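Here are the chains, one letter per residue:
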Amino acid sequence: MTGGGTLSRLRVIDLSTEIAGPYCTKLLSDAGAQVIKVESPDGGDPLRRWKASQDELPEGSDGALFQYLNASKRSIALDVQDAGDRETLLQLAATADLWIDNPSSGSQYERGITWNALQEVNASLSFVSITPWGTTGPWADRPWTEFTMQAAIGSIDCRGLRDRDPVAAGGRLGEWIAGTYAAVGALIAWLAAQRSGEGQHVDLSIFEAMLLCLTVYHDLSSQWNEGPLPRSIEIPSIEPAKDGWVGFCTITGQQWKDFCFLIEHPEMAEDERFFMGRSRMDHRAFVQEVIHAWTRERTVDEIVEQASLLRIPVAPVGDGRTLPGMDHFVERRVFVENPHGFIQPRPPYLLEAHTHSAPGKAPALDQHRSEILANLESESPDFIKPAAGNDIGRPLAGLRIVDLSAFWSGPIATSTLASLGADVVKVESIQRPDGMRFAGSVPGERLWEWSPVFHGANPGKRDVTLRLDHPEGRALLRRLIETADVVVENYSVRVLENFGLDWETLREWNPKLVMVRMPAFGLDGPWRDRTGFAMTIEQVSGMAWITGYDDLPLVVRGACDPLGGMHAIFALLLALEDRKRDGKGQLVEVPMVEVALNIAAEQVIEYSAYGQVLRRNGNRGPVAAPQGLYRCGRGEALIALAVATDEQWRALRTLMGDPAWADVAPYESAAGRRAHHDPIDAGIASWLGEVEASEAVQALHDAGIPSHTVINAHFLHPNPQLEHRGFFQTMTHPVTGETRYPGLPLRFSNLHGPAHRRPPPTLGQHNREILIDELGLSEQEFNRLLEAQVIGERPTFM
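Below is a short write-up of the structure. (Residues numbered from 1 in each chain as written. Predicted model: local features only at pLDDT ≥ 70, side-chain atom pairs only at ≥ 80, totals over all residues. Heavy atoms only, no water.)

## A short note on the sheet that holds strand β7 (residues 238-241)
Our working rule: A pair of strands is considered paired only if DSSP assigns at least 2 bridges between the two. Secondary structure is summarised from DSSP: a helix means a run of H or I of at least four residues, a strand means a run of E of at least two, and numbering begins at the N terminus for each. Each axis is a line fitted through C-alpha atoms, taken for helices only over the stretch in contact, and angles between the N-to-C directions span 0 to 180 degrees. Residue contacts are counted whenever heavy atoms from the two residues lie within 4.5 Å of one another.
A sheet is described by the order of its strands in space; here 3 strands give the open sequence β7-β8-β9, paired in antiparallel fashion. With partners counted over all chains shown, the strands left at the sheet margins are β7 and β9 (314-316), one partner each. Here the strands of the sheet are splayed against their neighbours by 30° on average, with no regard to which way each runs. Relative to strand β8 (residues 244-248), β7 runs antiparallel, the two being bridged by 4 bridges. From the neighbouring strand, Glu239 faces β8, where its bridge partner is Val246. Across the face of the sheet, helix α13 (residues 300-309) comes into contact with β7, β8 and β9 while running at roughly 15° to β8. Each of β7, β8 and β9 is contacted by helix α21 (residues 534-541), which is oriented at about 10° to β9, the strand it contacts most.

Structure (structure tokens):
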């Protein structure tokens, strides 16, 4: 392995603030990109003054989260209202490849620096805009916070206990999600510009990115099932042990049976009242009493050891204090020293051809002005020249991917790659189809073709069935891999090894192959062979620790899967860029837990830097005060409301008629409002109790105050903003017929046409096309394989 970064030639101008844009450019910087952070002279990025635990930072110091997100970048302060500084900014654009901004917070639109102006100075520059709703549409200017956005997508309403209000996911998760998608969009735009010589505008909607990650294809489900979605928690999930909290998940029927055996009540596995997760919720008090009688008598370590032996997904529930000391992370050296004196997670992927460099210091405001301006004097624009004969098209056209992944994280990655032009061949078997085909599926003759999650995560692919423990099935897989560019898989580590499909074997078959492995916990370490799903990763990483009620942490539900998938795409694109230079393939490791640790990094950083363990607080949070859910119109309708600035507080007071209870000096500051949250909540609740929800939300929007009705995700569609942006795409599926599918949260100005080129495949749908037309099997050979059940179109157990 060698040092150095794949993206050392990439030059990035970063005007973004807070979390989303800086996380995007952190990912680019970690891979070697040269990032210049352009900030306002008036204090710079507001995140410099951020501390989640709300204590005051010492004068002149920057917050640790800022230092984590902006490590190794250079800073220049430019006043874009000044003509000279604006000219400097355009000069920077002339020498850059990427321009990253979140235009809702003092953007280039206000600065008079438009996409057209950028194109005039540098035709190969790509511009990534990160905006709440997308740059156009009826909601484009609607006030928001990440909390109110969770209400808008339907994430909040179904998370929680039925006798309490629902709760939002903690940790500003949507902003990290947006930054992840922005990094993928930025890298795709840059790679496309290398082929075409033309930059493009990448328009990222945070709304759409959060919709894909914080709900579980509920709009697809709504087309086949009755609503609304009930409020619920998983059972089992996070349960009390003798010495803390322990997390389980039982995705499959077998895992539930094994769990019942673990807690010494095997009879529950045969009771139809408890077989389905939703039905267990109907009997929550009884089931949890049984579970807790067993878990409270054992330590977390004892429970994890016993459950792991039964292959039940299990993990200790981590927080900012405990995570760095967990044996698996210590052995894998997951946490590293930041030069500002705290610890942080390393980048969430490992490339065989590179080692990660130690993070550099984050810049002081305007620290590199002289250096940057001197370089501008000496540099001349270095425009990308298009390769001869290349048109724009879909940027990954010609890339061949063999998809061995299942469930959600791997499939969403390969489906996204298919949308970007790759030819993705999904490999299943009739003995063991993708288990997600059965998750939430509609009962019927071909129920394996009716899972909303499978449909959502697999558009754009072709599907072949091959029995991999049969020599002929393995031989056919070898032929597919020999002509492929990429193999993607996300099983537990030992699965492919048991089939004789380890990396050394695949590299021997195809030396130019890039293999992306996405195990839950990594390819080595004490937890290497543990089973893990998204909920397991949320439990151990700290995501669940800051989500839920004061007395009960809750899982986010699924965010780790699409987040893992997008990080896998990012790492794959780096490996493909390496291959362009040296012609060699390599192994890419993207442990799901390390992705989650980066997304939840603030917890470890806050404890390491300040000794503060961040904790969940229901629907309250560190960004806004007041913030919460409020009932309207003397009924059940809930709205989410967040007052993020003093100006918004004054607007809310005016809207409420400036009541006497709100005219209190401490309420004029965020700290004062946070300290008096209870009486403020009572006053807001009294006011909203007399107003209908739709009327209240409109009035709040008109006053510039972030709010949204708490929708049930079953009723997301129709939505005027999503319809304006063409987020949904209707395709005709061979079994479900006309079906509405979600697209991508990214709009590429040079990529025309729908996101998906074909609906998700039925089981074995393309056997004949791939095995006969492409691999050259005869009809006789094909029929013999059908007879031997090496291939097929129906699960053998159905």
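## So, the packing of helix α7 (residues 173-196) against helix α8 (residues 206-214)
Two quantities define a packed helix pair, namely the angle between the axes and the distance from one axis to the other. Let me state the cut-off plainly: In these notes the angle categories are as follows: under 35 degrees is roughly parallel, over 145 is roughly antiparallel, 65 to 115 is roughly perpendicular, and the rest is oblique. Polar here means any residue other than Ala, Val, Leu, Ile, Met, Phe, Trp, Tyr, Cys and Pro, which are nonpolar, and Asp, Glu, Lys and Arg, which are charged; Gly is therefore polar.
Look at α7 against α8: their axes get within 9 Å of each other, and the N-to-C directions meet at 105°. With respect to α8, the axis of α7 lies roughly perpendicular. Residues Leu173, Gly174, Ile177, Ala178 and Tyr181 of α7 lie in contact with α8, whose contacting residues are Ile206, Ala209, Met210, Leu212, Cys213 and Leu214. By residue class, the composition of the contact of α7 with α8 is 10 nonpolar, 1 polar and no charged.

## Here's the deal with the packing of helix α6 (residues 146-153) against α8
Formally: Crossings are assigned a handedness: left-handed for a near helix turned anticlockwise from the far helix by less than a right angle, right-handed for a clockwise turn.
Viewed as axis vectors pointing N to C, α6 and α8 meet at an angle of 65°, and their least axial separation amounts to 10 Å. The chirality of how α6 crosses α8 is right-handed. In this structure, α6 uses Glu146, Met149, Gln150, Ala152 and Ile153 to contact α8, whose residues at the interface are Phe207, Met210, Leu211 and Leu214. Counted by class, the contact of α6 with α8 contains 7 nonpolar, 1 polar and 1 charged residues.

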